[in-house]
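Remarks on the overall topology
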Amino acid sequence: MKTKVYLRRVRINNGGYDRPGSYWGTGQPLYYFQADLPDTYSHTIWQWHTCDAELTAADVPSCRNCGRSVKRDLNEISDYTRANDRNHAKEIIQAKYSTLDLTFYR
Ligand SMILES: [Zn+2]
């Protein structure tokens, strides 16, 4: 099943701030993406894990350091990524959520 991902570029001014005033710094273009997932998607939570362990594939499904699950059930994706351009952003997002078949919308 295809998952619809809404992907849009976030404009950053010369000082590195977006329109609401969050600081991102300058550099590669910034993209925001959002998707509602049709089924619960169990995602490895590399970026949300709170202990200091450097997680590897050997830490799935639970961290060798703290024993906590490194899986989280998501029903929505909402995140930012830096990318060279829109197609690059799509590649990054598809690689990150490799088990989902994504189609992109603006
Ligand atoms: Zn841990």
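Scroll up to find the structure this text is about.
Residue indices begin from 1 for each chain and proceed along its sequence in written order. The model is predicted, so local features are restricted to residues of pLDDT at least 70 and side-chain atom pairs to those at 80 or more, both for listing and for counting; the totals for chains, interfaces and linings are taken over all residues. Side-chain numbers come from the whole structure's heavy atoms, not from hydrogens or water.

**Remarks on the overall build of the protein chain**
In DSSP terms, a helix is any run of H or I states spanning at least four residues, a strand is any run of E spanning at least two, and both are numbered starting from the N terminus. If you tally the helices and strands in the protein chain, you get one helix and four strands. Projected onto its principal axes, the C-alpha coordinates of the protein chain cover approximately 45 × 35 × 20 Å. In what follows, residue pairs with any heavy atoms lying within 4.5 Å of each other are defined as contacts. Nonlocal contacts in the protein chain, meaning residues at least 24 apart in sequence, comprise 60% of its contacts between residues at least 6 apart. Here, Shrake-Rupley sampling with a 1.4 Å probe gives the accessible areas, and only protein chains in the shown set may cover a residue. A total accessible area of about 7,000 Å² is found for the protein chain, and carbon and sulfur atoms account for 44% of it. Treating the 15 positive side-chain charges of the protein chain as one cloud and the 12 negative ones as another, the clouds have centres 7 Å apart. Positive charges come from Lys and Arg alone, negative charges from Asp and Glu alone, with His and the N- and C-terminal ends not counted. Charged groups are reduced to one reference atom each: NZ for lysine, CZ for arginine, CG for aspartic acid, CD for glutamic acid.

**Some words on the pattern of salt bridges**
Salt-bridge detection follows one rule: a side-chain nitrogen of Lys or Arg within 4 Å of a carboxyl oxygen of Asp or Glu. Taken as a whole and assessed by the stated rule, the structure comprises three salt bridges. Here Asp101 and Lys2 are joined by a salt bridge, their closest N and O atoms 3.5 Å apart. Taken as a pair, Asp101 in strand β4 (residues 101-105) and Lys2 in strand β1 (residues 2-10) lie far apart in primary sequence, 99 residues in all. On the basis of relative accessible area, Asp101 is assigned to the partly exposed category, the value being 36%. Under the scheme applied here, a residue whose accessible area is under 20% of the maximum for its type counts as buried, over 50% as exposed, and between as partly exposed, the area being computed with a 1.4 Å probe on protein chains only.

**As for the side chain of Arg86**
Within the fold, Arg86 resides in helix α1 (residues 86-96). Asp85 provides the closest opposite charge to the buried, salt-bridge-free Arg86, at an N-O distance of 8.8 Å. If we ignore the near neighbours within four places in the chain, the residues touching Arg86 are Leu7, Arg8, Tyr31, Phe104, Tyr105 and Arg106.

**Concerning the sheet that holds β4**
Paired through backbone hydrogen bonds, the strands of a sheet run either parallel or antiparallel to each other. Should DSSP find at least two bridges between two strands, the strands are taken to pair. Across the sheet, which stays open at both edges, the four strands sit in the order β3-β2-β1-β4 with mixed pairing between neighbours. Pairing within the sheet leaves two strands with one partner each, and these edge strands are β3 (71-82) and β4. With strand direction ignored, the average angle separating the axes of adjacent strands in the sheet is 25°. As paired strands, β1 and strand β2 (residues 30-44) are joined by five bridges and run antiparallel to one another. Considered in β2, the bridge of Leu7 is made with Phe33. A fitted line through C-alpha atoms serves as each axis, taken over the contacting stretch for helices, and the angle formed by two N-to-C directions is quoted from 0 to 180°. Against the sheet, α1 touches β1, β2, β3 and β4, its axis set at about 150° to β4.

**A look at the pairing of β2**
Where β2 and β3 come together, eleven bridges link them in antiparallel fashion. Each residue of the ladder has a partner; that of Tyr31, found in β3, is Thr81.

**Side note on the packing of aromatic side chains**
Ring pairs are drawn from Phe, Tyr and Trp, using the six-membered ring of Trp, whenever the two centres fall within 6.5 Å, and their geometry is named by plane angle: stacked under 30 degrees, edge-to-face over 60, tilted for the rest. If you walk through the whole model with that rule in mind, you get five aromatic pairs. Note on Tyr6 and Tyr105: the rings are 5.8 Å apart at their centroids and 40° apart in plane angle, and the pair reads as tilted. Within this pair, whereas Tyr6 is found in strand β1, its partner Tyr105 is found in strand β4, the two being separated by 99 residues in sequence. A residue is classified by how much of its surface remains accessible, and Tyr6, at 36% relative accessible area, is partly exposed. A ring pair is formed by Phe33 and Tyr97, whose centres lie 6.4 Å apart and whose planes are at 70°; its orientation type is edge-to-face. Placement of the pair is Phe33 in strand β2 and Tyr97 in the loop between α1 and β4, with a sequence separation of 64 residues.

Function-wise, these values are silent; they only describe arrangement.
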